Amino acid sequence: MYQHIKVPTDGQKITVNADFSLSVPDQPVIPYIEGDGTGVDITPVMLKVVDAAVAKAYGGQRKIAWMEVFAGEKSTQVYGPDVWLPTETLDCVREYVVSIKGPLTTPVGGGIRSLNVALRQELDLYVCLRPVRYFNGVPSPLREPHKTDMVIFRENSEDIYAGIEWAAESAEAKKVIEFLTREMGVRKIRFPETSAIGIKPVSREGTERLVRKALQYAIDNDKPSVTIVHKGNIMKYTEGGFRDWGYALAQREFGAELVDGGPWCKFKNSRTGKDIVVKDSIADAFLQQILLRPAEYSVIATLNLNGDYVSDALAAQVGGIGIAPGANMSDSVAMFEATHGTAPKYAGKDYVNPGSLILSAEMMLRHMGWTEAADLIISSMEKAIASKRVTYDFARLMEGATQVSCSGFGDVMIENM
Ligand SMILES: NC(=O)C1=CN([C@@H]2O[C@H](COP(=O)(O)OP(=O)(O)OC[C@H]3O[C@@H](n4cnc5c(N)ncnc54)[C@H](OP(=O)(O)O)[C@@H]3O)[C@@H](O)[C@H]2O)C=CC1
Ligand SMILES: O=C(O)CCC(=O)C(=O)O
Ligand SMILES: [Mg+2]
């Protein structure tokens, strides 16, 4: 049926029920994209660690039937020089519901647009979910890194990140600038002859579906607050809209009531009876607050670009993007991926930390309801770090550490299962 994707014969599809829960067979077929750059290093290690955790947790009764699908440089080798994201890859990850990917390269300036963003847009994976927690013993620049315990809900389908822009001095940029100046009366483009132009779409619907997920997550996971992070003082209708629509949704759908006249509001968690506070923070101030007062923040709902910046900043607080996992999700389809990129200088050297992708797989197992295997991954990661046999990123900051390779770290985790 597919041109280059080989469907394993020993597995079955995960399916989505009417209430969006999953039916997961014992041998689910799970598509994976190896990824560019260090993808060749971390992805095989992730597969091996996950297989070991599943085998150990279920004694052979459950097993993932991995199915390689292609995007990025490997796709151009398999499908031809200009095919970066084959249609059958999109069809396949949609059809098989749960997938995982390594990082994909995006050139700066010219060249192809981000394949990572394209996957999210094409599949409408509107939530980028990035939990940030501290593992004991990980070297961190903070004195009290355990106080950083946040879950980022980054809007994944809109904003300036969508890549609607035109190069300076192009016919398209000139046309847009002409429209803005002639028809819209815009006088604020300082250098109209040489300006590149970007568009920042932010909608009420896009905001509401993201904030709804963040609020529901706070309820389901007994979290004390949801903070809407925005730059609405400057970008009044886009980022300011995000804030206002977020607050309005909390009041309308979750029964939140204003605190001291607002705009903060709060509602009772129907599961625990505890208050969940909905507050907001302006993005620049937020970036200093998370360093100085991290304990005051829990679930974060933010726009696409802010979420990108906040993800790497928060990852650094708990030891870096070597252990920063993530997921891109719609109501039905989920694609798991690390927060970091392809780290090209380390590609193919069996050197980098596979932890982010392994922890992304841990999120995937939990999403599938395979909690025993997910728990094994967490406990073996904790033990591996405690034993100080770690990759370069931790070893260079840890006293008494033994540096291991990327695959070596996977092996240490497996030994500790
Ligand atoms: N979702 C995705 O697929 C993403 C793709 N990208 C793409 O990746 C490419 C490179 O981007 P770049 O900005 O350099 O960001 P990267 O995240 O690839 O790398 C930045 C730095 O982070 C550290 N790092 C990255 N991965 C690891 C790891 N596995 N273990 C330990 N440390 C790690 C390294 O730090 P040090 O130098 O200190 O060792 C590295 O130099 C670009 O094309 C970009 O577009 C970027 C982000 C996400
Ligand atoms: O798509 C890319 O190349 C970068 C993506 C990124 O930085 C992210 O999603 O965090
Ligand atoms: Mg990023």
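For the structure, check the block above.
Just so you know, these numbers come straight off a predicted model, no measurement behind them.

Novice: Where do I start with the site of ligand 1 in this structure?
Specialist: Around ligand 1 sit 23 residues in total, of which Gly-341, Ala-343, Lys-345, Tyr-346 and Tyr-392 are the nearest. Taking Gly-341, its main chain carries an N or O atom lying 2.7 Å from an oxygen atom of ligand 1. Measuring from an oxygen atom of ligand 1, one finds a side-chain N or O atom of Lys-345 at 2.8 Å. Alone, ligand 1 offers 890 Å² of accessible surface; in the complex the protein occludes 71% of this. Of all the secondary structure elements, the ones that give two or more residues to the shell around ligand 1 are α4 (115–122) and α12 (392–395).

Novice: I tried to follow the environment of Leu-365 on my own but got confused; where do I start?
Specialist: Here Leu-365 shows up in helix α10 (residues 355–367). Its relative accessible area of 0% is what places Leu-365 among the buried residues. Remark: the alpha-carbon pair of Leu-365 and Ala-313, spanning 52 residues in sequence, is separated by 26 Å. Ignoring any residue separated from it by four or fewer positions in sequence, one finds Leu-365 in contact with Val-50, Val-54, Ile-64, Trp-370, Thr-371, Ala-373, Ala-374 and Ile-377.

Novice: Is there a simple way to think about the packing of helix α1 (residues 39–58) against helix α13 (residues 406–415) in this case?
Specialist: Between two packed helices, the angle of one axis relative to the other and the distance separating the axes together describe the packing. Where α1 meets α13, the closest approach of the two axes is 9 Å, and the angle between their N-to-C directions is 10°. One way to sum up the angle between α1 and α13 is to call them roughly parallel. Only Cys-406, Ser-407, Gly-410, Asp-411, Met-413 and Ile-414 of α13 make contact with α1, whose side of the interface consists of Asp-41, Ile-42, Val-45, Lys-48, Val-49 and Ala-52. Counted by class, the contact of α1 with α13 contains seven nonpolar, two polar and three charged residues.

Novice: Help me understand the packing of helix α6 (residues 204–220) against helix α7 (residues 239–254), please; the structure alone is not making it clear to me.
Specialist: Running from N to C, α6 and α7 cross one another at 55°; their axes reach a closest spacing of 9 Å. Between α6 and α7, the angle falls in the class oblique. The two elements α6 and α7 meet at a crossing, and its hand is right-handed. When α6 is examined against α7, the residues Arg-204, Thr-207, Glu-208, Leu-210, Val-211, Arg-212, Leu-215, Gln-216 and Ile-219 are found in contact with a partner set consisting of Phe-242, Trp-245, Gly-246, Leu-249, Ala-250, Arg-252, Glu-253 and Phe-254. A class-by-class count of the residues in the contact of α6 with α7 yields nine nonpolar, three polar and five charged.

Cut-offs used in this document
- Starting from 1, residues in each chain are numbered consecutively following that chain's sequence as written.
- Written order determines the labels here, with chains lettered from A and ligands numbered from 1.
- For this predicted model, a pLDDT threshold of at least 70 governs which residues receive local features, and a threshold of 80 or more governs which side-chain atom pairs are given and counted, while totals over whole chains, interfaces and linings are taken from all residues.
- Side-chain descriptors were evaluated using all non-hydrogen atoms of the structure, hydrogens and water having been removed beforehand.
- Consider each residue's heavy atoms; a residue with any of them within 4 Å of a molecule or strand counts as near.
- Pairs of N or O atoms are called polar contacts if they sit within 3.5 Å, as long as, within protein, a hydrogen donor faces a hydrogen acceptor (for residues adjacent in sequence, only side-chain-to-side-chain pairs).
- Accessible surface is estimated by sampling points in the Shrake-Rupley manner with a 1.4 Å probe; for residues, cover comes only from the protein chains shown.
- The secondary structure listing takes helices from DSSP runs of H or I that are at least 4 residues long and strands from runs of E that are at least 2 residues long, numbered from the N terminus.
- Exposure classes here rest on a 1.4 Å probe applied to the protein chains alone. A residue is buried below 20% of its type maximum, exposed above 50%, and partly exposed in between.
- The contact criterion used is simple: two residues touch if any of their non-hydrogen atoms lie within 4.5 Å.
- In this analysis, axes come from line fits to C-alpha atoms, helices being fitted only over the stretch in contact, and the angle between any two N-to-C directions falls in the range 0 to 180 degrees.
- In this scheme, roughly parallel covers angles under 35 degrees and roughly antiparallel covers those over 145, while 65 to 115 is roughly perpendicular and the rest are oblique.
- Three classes are used, and their members are as follows: Ala, Val, Leu, Ile, Met, Phe, Trp, Tyr, Cys and Pro are nonpolar, Asp, Glu, Lys and Arg are charged, and the others, Gly among them, are polar.
- Crossings are classed by handedness, with left-handed meaning an anticlockwise turn of the near helix from the far one by less than a right angle and right-handed meaning a clockwise turn.

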